[in-house]
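For reference, the chains in residue letters:
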Amino acid sequence: MDKLIITCAITGAEVTKEINQAVPYTKEEMAQSAYEACKAGASIIHLHARFDDGRPTQGKLRFKEITDAILEKCPDVIVQVSTGGAVGMSRDERLDVLNNYPEMATLDCGTLNFGGDDIFVNTENDIKYFAEKMNDLGVRYEMECFEKGHIDTIKRFIKKGVIKNHLHYSFVLGVRGGMAGEERDFLFLKDSIPSNSTYSVAGIGRYEFSLAELSIKHGGHVRVGLEDNIYLKKGVLAKSNAELVKKVAKIAKKYGREIATPDETRKILKMETK
Ligand code: KMH
Ligand code: ZN
């Protein structure tokens, strides 16, 4: 098995300090939170940009400020920017961040309900447009699949030559409106992707650690962080992103799975090393 890649989704676009004070908003808070997460074992930081009051933005200038602050404290880490942004943002708004030529970004692979009246829109044309833009700019992408139909959509795009990356999937399970995160859901998705792929699992809310453990056991990779889950365990708020990463590192140790450094992560994902 490859060493374990731990991604930390430090802030997201929806979670707020009102529900967990540890959610970082400012660039200083983000850099500190990323630094602690990296020290605990994260090699990829999944990043959303926010203004100091917490409002999400996909503006390239804000992303650059935050990315620079993170890289100053953790020079080797892979910063994976979100092209999902927040519900309701337009295609071009979401893509502005790519003008910074980030090392890595997400590619969201289908539309889904996102709780209440919210819909996270990723039409087939959106996916194609995003993928082609990232191909042109040389940005590596992780393909975020919230249910099996998204994997099937990507299968069609692979055949058409739209997806040119090494195939690296992220199964984001447990979103209200997407697929749940039970063991059978994970196994179904894992067995549905091409054999030359790699994958990571992001369990939302209560699924975070049960899915992390399954992925560690099966040779997959793991994403945790306050974007996905604010609790260390039932009823106990996580004090930091690092606490969530440390918990995964402990599970990895139980299974004898070593943790990948950023450069080892680049090799596993067939990215250029820095
Ligand atoms: N904030 C969600 C609507 C991504 O980062 O690519 C979308 C999201 C996915 O978080
Ligand atoms: Zn995200």
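These figures come from a predicted structure and were not determined experimentally.

Reading the values: rules and limits
- Residues numbered from 1 in each chain as written.
- Chains lettered and ligands numbered in written order.
- Predicted model: local features only at pLDDT ≥ 70, side-chain atom pairs only at ≥ 80, totals over all residues.
- Heavy atoms only, no water.
- Donors = N, O, S within 2.8 Å, 3.2 Å for Na, K, Ca; no water.
- Helix = DSSP H or I, 4+ residues; strand = E, 2+ residues; numbered from the N terminus.
- Buried < 20%, exposed > 50% of the residue type's maximum accessible area, 1.4 Å probe, protein only.
- Salt bridge = Lys/Arg side-chain N within 4 Å of Asp/Glu carboxyl O.
- 1 Å grid on protein atoms, 1.4 Å probe; cavity = no way out; pocket = protein on both sides within 12 Å on 5 of 7 lines; lining within 4 Å.
- Points joined across faces, edges and corners; volume = space filled by probe spheres on them.
- Nonpolar A, V, L, I, M, F, W, Y, C, P; charged D, E, K, R; others polar.
- Axes fitted to C-alpha atoms, helices over the stretch in contact; angles between N-to-C directions.
- Parallel < 35°, antiparallel > 145°, perpendicular 65-115°, else oblique.
- Left-handed = near helix turned anticlockwise from the far one by under 90°.
- Contact = heavy atoms within 4.5 Å.
- Near = heavy atom within 4 Å.
- Polar contact = N/O pair within 3.5 Å; in protein donor to acceptor, adjacent residues only side chain to side chain.
- Areas by Shrake-Rupley, 256 points an atom, 1.4 Å probe, with all protein chains shown as cover.
- Sits in = over half its atoms within 2 Å of the grid points.

We now examine the coordination of the zinc ion (ligand 2). For the zinc ion (ligand 2), every protein donor is listed as His46 (NE2), His48 (NE2) and Glu227 (OE), and the spread of their distances is 2.1 to 2.2 Å. Expressed as a motif, the donor residue spacing for the zinc ion (ligand 2) is H-x1-H-x178-E. One end of the pair, His46, is in strand S2 (residues 44-47); the other, Glu227, is in the loop between strand S12 (221-224) and strand S13 (231-233), and 181 residues separate them in sequence. Look at Glu227 and you get partly exposed, because its relative accessible area is 21%.

A separate point is unusual backbone geometry. Here Tyr101, not a glycine, exhibits a phi torsion of approximately 50°, which is positive. On the secondary structure map, Tyr101 appears in the loop between helix H3 (91-95) and strand S6 (104-108). The phi dihedral of Lys270 falls on the positive side, at around 55°, and the residue is not glycine. Structurally, Lys270 is set in the segment after helix H9 (262-268).

Take the environment of Gly115 next. Here Gly115 lies in the loop between strand S7 (112-113) and strand S8 (119-120). Accessibility expressed as a relative area gives 14% for Gly115, which makes it buried.

According to the stated counting rule, one finds 19 salt bridges in the structure shown. We note a salt bridge from Glu264 to Lys3, for which the minimum N-O separation is 3.0 Å. Here Glu264, found in helix H9, pairs with Lys3, found in the segment before strand S1 (6-9); they are 261 residues apart in sequence, far enough to count as distant. Here Lys3 falls in the partly exposed class, since its relative accessible area comes to 29%. Close ionic contact of Arg91 with Asp126 constitutes a salt bridge, the shortest N to O distance being 2.7 Å. Of the two residues, Arg91 sits in helix H3 while Asp126 sits in helix H4 (residues 124-137), which places them 35 residues apart along the sequence.

All chains considered together, the criterion is met by 2 cavities of 30 Å³ or more. Estimated volume of the largest cavity: approximately 40 Å³. Lining of the largest cavity is provided by Met104, Arg140, Tyr141, Asn165, His166, His168, Leu269 and Met271. Counted by class, the lining of the largest cavity contains 4 nonpolar, 3 polar and 1 charged residues. The space that makes up the second largest cavity amounts to roughly 30 Å³.

As a further point, take the packing of helix H6 (residues 183-190) against helix H7 (residues 208-218). Contact geometry for H6 and H7: axes closest at 10 Å, N-to-C directions at 40°. Taken together, H6 and H7 sit at an angle that is classed as oblique. Between H6 and H7 lies a crossing of right-handed hand. From H6, Glu183, Phe186, Leu187 and Lys190 reach across to H7, where they touch Leu211, Leu214, Ser215 and His218. Residue composition of the contact of H6 with H7, grouped by class: 4 nonpolar, 2 polar and 2 charged.

Our next topic: the site of ligand 1. Close to ligand 1 lie Glu14, His46, His48, Ser82, Gly84, Gly85, Val87, Thr106, Asp108, Phe114, Phe120 and Glu227. Interatomic distance of 3.0 Å between a side-chain N/O atom of Glu14 and a nitrogen atom of ligand 1. Gly85 has a polar backbone atom sitting 2.8 Å from a nitrogen atom of ligand 1. Here ligand 1 loses 97% of its free accessible area of 300 Å² to cover by the protein chains. When atom positions are compared with the pocket grids, ligand 1 is found to occupy the largest pocket. Here the residues of the shell around ligand 1 are counted per class, giving 3 nonpolar, 6 polar and 3 charged.

What follows deals with the environment of Gly219. Within the secondary structure layout, Gly219 lies in the loop between H7 and S12. Between the C-alpha atoms of Gly219 and Ser200, which are 19 residues apart in sequence, the distance is 9.4 Å. Discounting chain neighbours no more than four positions away, the residues touching Gly219 are Met1, Tyr199 and Arg257.

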